[in-house]
Amino acid sequence: MNTILQVENIEKYYGNKGNITKALDNISFTVSKGEFVGVMGPSGSGKTTLLNCISTIDTVTSGHISIQEQDITKLKSGSLARFRRESLGFIFQDFNLLDTLTAYENIALALTIQKTKASAINDRVQDVARKLEIEDVLKKYPYQMSGGQKQRVASARALITDPSLVLADEPTGALDSKSSRMLLDSMEKMNRELHATIMMVTHDAFTASYAHRILFIKDGKIFNELIRGNDTRKEFFKRIMEVVTLLGGDTSNVL
Amino acid sequence: MYFKLALRNVKKSYKDYMIYFLTLAFSVCLFYTFNSFQEQEAVISMTEAQFSLMAGVTDIMVALSVIVAFILGFLILYANNFLIRRRKKELGLYTLLGMPRRNISAILIYETLIIGIISLLTGLVLGIFMSQMITVLTASLFEAELNYHFIFSMDATIFTILSFAIIFFIIMVFNTFILNRYKLIDLINADKQSENLKIKNVYISIILFLLSMVLLGGDYWFAWHYPLDAFGLFLMPVTLVGCTGTLLFFMSLSGFLLKFIQTSKTLYYRKLNMFVLRQINANINSNFVSMSVVCVMLLLSIGALATGMNLNKTLNNSVRMSTPYDWSYSPTRNEHYEIIIPNFEEKVKALPIDRSQVEEEIFLHQYATQHNLADVFEELHINGSLLVSHELLEATPISAVKLSEYNKLLENFHEDPIQLADNEAYVFSNLNLISEDITKFLESKKSLELFGHAVTPINTEYDEYMMATTGFVGNEPMVFVLNDEQIPDDAKMVGTYWNVDLKKETDADTFSDNVYRAIDGYNETVPPEEQIMGSTDTRQGIRENSKGMAVIFTYIGIYLGIVFLIASAVILALQQLSQASDNRKRYLVLDKIGASRTMMDHSILQQLGIYFFLPLFLAIVHSVVGIKVVNSIVVYMGKGDLFGASIITGGIILLIYGTYFLVTYFGYKNILHQK
């Protein structure tokens, strides 16, 4: 199995000499091609910082992050945007669709900023829309869509460029449970049928149960790792809940 | 402490303040420059007439300044309002922290004061510099000598400071008032309120766009072909149709552009083109009115600047044509263009005048023909301008002059004499209104029977010379120059011009006084019907008069033109900047999905370029037609030099409008890219 993402001993410090906060404290892990990895942790644990560092929106203090054997901590700002649009796909909690564009155009935008030939755009948009079952909303504007539809359009936008890695930040955060389930089904399909490598940050155990492997982060360190293996989702969910209780409850402090 | 806070605020957000500062400084500069005319007398050697003219210009400028102060006052208030809106959240924070309202007002007042004082000083320095340049311009307009030294006008400085002090005071009151009206919750949530987006039907846009094209096209066609009517009888409807067309144009343009560019997939799906187009289309509802207003203001600005500057050239040109002699006397004529004083020439020659001052004395005569304009035009189906009726054409006689006398006139203009064979005539006119019709007649090469001989005009072009120095331009509708012997001795004389060139050291006005004394003396000895009556014009008098008009119109044009220009630029700039914070979210999305900085900057440039330069573009198209219309009115006074005026106008627009465009662009980028 070839490695897509390799994180080596990364640290991220905030603040100055007298007062240092370690947002990320010596974290290392790898993600292989075709994996669906979840990152869980309570608020303030550093999971969003981790995602920001991987997505090149933020920089690490020390350590290395390699995506497809390219060390992104060494990239200059000019090539960062290029790297981001060619190698990464993003799904955000608040969708981040452009309200002035139709669904079709929102998806196509990811291609046009890559300077893809106009003739190739239509086929690719239709193709990804069919796979995510959003063909009927392509002509609609975001304000005419439901939250679940918006998020699937955002997923289509993330997928259409064939990124090495799809980063999802609380993708179900703004959705009701029914839409969440539909979105997660789509993401599972993306992973299984389109072989997309997905790394998803969430604090919701149900959402996390769709992943194959879960990293738990607490106070900037990897606290635990769960692998789904051959478990059903229900069984996996239970195991996750156990860890969450341990993690989030902080019972040791209470007792 | 509050002063310190205010100072730090200004320093911190100087980029936000840039537009405000620029507008204030430009306004102050303009205000000072155009109120400092009085001082120019000190360095320009002017005649007495020019002195009184200059006083008139100064008065007009002061009166205009009051209007300008109102316009600028509103602009500054608008800009101030924009700043307050940008800082709602900050003001909310102060309130939340428990700072009393009056202290927040104090901070705002200090800020206004700081910005006000800095811009006032900058503007004054700029204005003092500008007024030196304007002085040079005045001197060249007057063609007067310049003994240049540095000038500074205390009056203008005080007037400027006073006017702006009042404006600042109003702004302070306004700020306090506005602050008291805001609720805390609105201040805190200021940046969360997002506008409701409504996408309009694009097909309606296409219909509206075509309609606007028809309206504008029709308007242009009418104005182009019937400029006199467009400016006279039909001014209201023409303006109304033009305004409606402009409004519809901007209302539908974005939708039309969108549909149009969507037909080319390669163009539409290229980089951020799609985003820019959608962006403009989405905001057009809040923008099209201001774009139309800006377009009309730019039109006024271009019109004022171009005609103001063109007028000077026009007048100079017409002055040359209408001042062949130092001094001329035109006897009174009746409504049939006939001289009513019997034996005018003999009487004048007998007058007891000291002719030692006279260099040369020439009488030019004009004879009646049996024809009028209706005869030559209507036979050729030249219908003339719409305003000239058949009756008027019929009442306008065609006259004739002797070749020898006309050649004498030409000699005065340093032109070569003309020669005519038998049956040939040379035709000229100085009534510009019908010049096109006369050209048509001349090109037809039709002969006309005059005094029993058929003669054919040999020329198709002519200079619009006057036969005497006179302020009454356009007094010869159509004159045939004929060989001397062709005009019979008994031909009825309809005009006699008494033209005099004086010796160098002689003053034309003194000569005039002498003549009038002699005429008055003569008139007392004869019955009323024998009396000499008429009017005198001197070359010097006409020159000064026209210079005065040129100076007044040029300065009114420049002043108002620049004010309108600044106003339109400020409105656009502020509107774009206040929308920048809404667009910030969208650009953040673009950034996240990997659009590069250059790509985004490029799209900002495109977006602002469309907002700034489309109104300018339409205004230029409008003004090409508009100036043509105005020019055909001005044409009564002679032809001008539009090209030179356009170059200078373009330069001024590029400087001011361009500055605002750049400041907006950098301000916009700053708002979008700030963390």
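The rules behind the values
Residues numbered from 1 in each chain as written. Chains lettered and ligands numbered in written order. Predicted model: local features only at pLDDT ≥ 70, side-chain atom pairs only at ≥ 80, totals over all residues. Heavy atoms only, no water. Contact = heavy atoms within 4.5 Å. Buried area = accessible area lost by both parts, 1.4 Å probe. Salt bridge = Lys/Arg side-chain N within 4 Å of Asp/Glu carboxyl O. Helix = DSSP H or I, 4+ residues; strand = E, 2+ residues; numbered from the N terminus. Nonpolar A, V, L, I, M, F, W, Y, C, P; charged D, E, K, R; others polar. Axes fitted to C-alpha atoms, helices over the stretch in contact; angles between N-to-C directions. Parallel < 35°, antiparallel > 145°, perpendicular 65-115°, else oblique. Left-handed = near helix turned anticlockwise from the far one by under 90°. Domains from an automatic or database assignment. Pairing = 2+ DSSP bridges. Phe/Tyr/Trp six-rings, centres within 6.5 Å; stacked < 30°, edge-to-face > 60°. Buried < 20%, exposed > 50% of the residue type's maximum accessible area, 1.4 Å probe, protein only. Lys NZ or Arg CZ within 6 Å of the ring centre and 35° of its normal. 1 Å grid on protein atoms, 1.4 Å probe; cavity = no way out; pocket = protein on both sides within 12 Å on 5 of 7 lines; lining within 4 Å. Points joined across faces, edges and corners; volume = space filled by probe spheres on them. Core = buried A, V, L, I, M, F, W, Y, C linked by side-chain atoms within 4.5 Å. pLDDT = per-residue confidence, 0-100. Polar contact = N/O pair within 3.5 Å; in protein donor to acceptor, adjacent residues only side chain to side chain. Patch = residues over 30% accessible without salt bridge, like charges linked within 9 Å, V, L, I, M, F, W, Y side chains within 5 Å. Areas by Shrake-Rupley, 256 points an atom, 1.4 Å probe, with all protein chains shown as cover. Lys, Arg positive; Asp, Glu negative; His and termini not counted. Charge placed at Lys NZ, Arg CZ, Asp CG, Glu CD.

Another aspect to go through is the interface of chain A and chain B. With 25 residues of chain A at the interface, the matching set in chain B holds 25 residues. Surface buried jointly by chain A and chain B totals about 2,300 Å² across both partners, of which 68% is contributed by carbon and sulfur atoms. If you sort the residues of chain A by the area they bury against chain B, T100, E105 and I113 of chain A come out on top, with a joint share of 23%. Put simply, chain A and chain B have three salt bridges between them. When the shortest N-O distance is used, the salt bridge between R84 of chain A and D591 of chain B registers 3.7 Å. Of all elements in the fold, only α2 (77-87), α3 (103-112) and α4 (118-131) of chain A reach the threshold of two or more residues within the side of chain A that touches chain B. At five residues, the largest contribution of residues to the side of chain A that touches chain B is made by α3 of chain A. For the side of chain A that touches chain B, a count of residues per class yields 14 nonpolar, five polar and six charged.

Time to look at the packing of helix α5 (residues 147-159) of chain A against helix α6 (residues 177-193) of chain A. Two quantities define a packed helix pair, namely the angle between the axes and the distance from one axis to the other. Residue and element names in this part refer to chain A. Closest axis-to-axis distance for the α5/α6 pair is 9 Å, and the angle between their directions is 20°. Here α5 lies roughly parallel to α6, going by the angle between them. The chirality of how α5 crosses α6 is right-handed. Here G148, Q151, R152, S155 and L159 of α5 lie close against α6, whose contacting residues are S179, M182, L183, S186 and M190. A class-by-class count of the residues in the contact of α5 with α6 yields four nonpolar, five polar and one charged.

Let us look at the domain arrangement of chain B. Parsing chain B into structural domains produces domain 1 (1-193), domain 2 (197-323 + 545-675) and domain 3 (333-532). Averaged C-alpha coordinates put domain 1 of chain B and domain 3 of chain B at centres separated by 57 Å.

Before going further, it helps to examine the sheet that holds strand β9 (residues 213-218) of chain A. Residues and elements named next belong to chain A. Across the sheet, which stays open at both edges, the six strands sit in the order β6-β7-β8-β3-β9-β10 with mixed pairing between neighbours. Both edges of this open sheet fall to β6 (88-91) and β10 (221-227), since each of them pairs with a single strand only. Pairs of neighbouring strands in the sheet enclose a mean axial angle of 20°, with direction left out of account. The pairing of β6 with strand β7 (residues 165-169) spans four bridges and is parallel. The residue bridging F90 from the neighbouring strand is L167, located in β7. Here α5 sits on the sheet in contact with β6 and β7, set at roughly 175° to β6.

So, on to the packing of aromatic side chains. To describe a pair of aromatic rings, you give the distance between the ring centres and the angle between the ring planes. A complete count under the given rule lists 37 aromatic pairs over all chains for this structure. Arranged with centres 5.4 Å apart and planes meeting at 90°, the rings of F275 of chain B and Y587 of chain B form a pair that is edge-to-face. In this pair, F275 of chain B is assigned in helix α12 (residues 273-322) and Y587 of chain B in helix α19 (residues 539-592), connecting sequence segments 312 residues apart. Pair check on accessibility: F275 of chain B and Y587 of chain B agree, each one buried. Each residue in the set W327, Y329, F344, F363, W498, F511 and Y516 of chain B is aromatic and connected to the rest through ring pairs, giving one cluster. The residue whose ring lies beneath R233 of chain A is Y210 of chain A, and the NZ or CZ to ring-centre distance is 4.0 Å. Here the basic side chain of K592 of chain B rests over the ring of F92 of chain A, its NZ or CZ set 4.8 Å away from the ring centre.

Below, the discussion takes up the environment of A63 of chain B. Residue and element names in this part refer to chain B. The residue A63 is located in helix α3 (residues 48-86) in this model. The exposure class of A63 is partly exposed, given its relative accessible area of 47%. Sequence separation between A63 and V563 is 500 residues, and the spatial gap between their C-alpha atoms is 15 Å.

Attention now goes to the pairing of strand β4 (residues 358-372) of chain B. All names here are of chain B. Bridging between β4 and strand β10 (residues 493-502) involves nine bridges; their strand directions are antiparallel. Note on β10: the bridge partner recorded for E360 is D501. In terms of strand pairing, β4 meets strand β5 (residues 397-402) through three bridges, oriented antiparallel. Note that in β5 the partner of Y367 across the bridge is A400.

Residue and element names in this part refer to chain B. What the second largest pocket holds in volume is close to 930 Å³. Lining the second largest pocket are 35 residues, with F231, L299, L300, G626 and V630 positioned closest to its centre. Its residues assigned to classes, the lining of the second largest pocket comprises 24 nonpolar, 10 polar and one charged.

Quick look at the nonpolar core now. Among the nonpolar cores identified, the biggest contains 190 residues, and M187 of chain A together with F164, Y555, Y657 and Y660 of chain B are the most heavily contacted of them. For this core, the element with the highest residue contribution is α19 of chain B, accounting for 22 residues. Counting the residues that make up this core, at least three belong to each of domain 1 (1-193) and domain 2 (197-323 + 545-675) of chain B. In contact with F164 of chain B, not counting residues within four places along its chain, are L24, S27, V28, F31, L72, I76 and L120 of chain B.

Moving on, we get to the confidence of the model for chain B. Per-chain confidence: chain B averages 83 in pLDDT, with 94% of residues scoring 70 or above. With pTM at 0.77, the complex prediction returns an ipTM value of 0.83.

Let us now look at the sheet that holds strand β11 (residues 534-538) of chain B. All names here are of chain B. Strand order in the open sheet formed by nine strands is β7-β8-β6-β9-β5-β4-β10-β3-β11, and the pairing between neighbours is mixed. A single partner strand is all that each edge strand has here, and the edge strands are β7 (448-450) and β11. Here the strands of the sheet are splayed against their neighbours by 35° on average, with no regard to which way each runs. By the bridge criterion, two bridges tie strand β6 (residues 424-428) to strand β8 (residues 453-457) in an arrangement that is parallel. Its bridge partner lying in β8, E424 is registered against T456.

Below, the discussion takes up the environment of S45 of chain A. Residues and elements named next belong to chain A. Along the chain, S45 falls in the loop between β3 (36-40) and α1 (47-54). For the pair S45 and A23, spaced 22 residues apart in the sequence, the C-alpha separation amounts to 7.4 Å. For S45, the residues in contact, after removing those within four places along its chain, are A23, I217, K218, D219 and G220. A distance of 2.7 Å separates the side chain of S45 from the backbone oxygen of P42, its partner in a polar contact.

Okay, a negative patch on the surface next. A surface patch of like charges, here negative, comprises E415, D416, E443, E461 and D463 of chain B. Classification of E461 of chain B as exposed rests on a relative accessible area of 66%.

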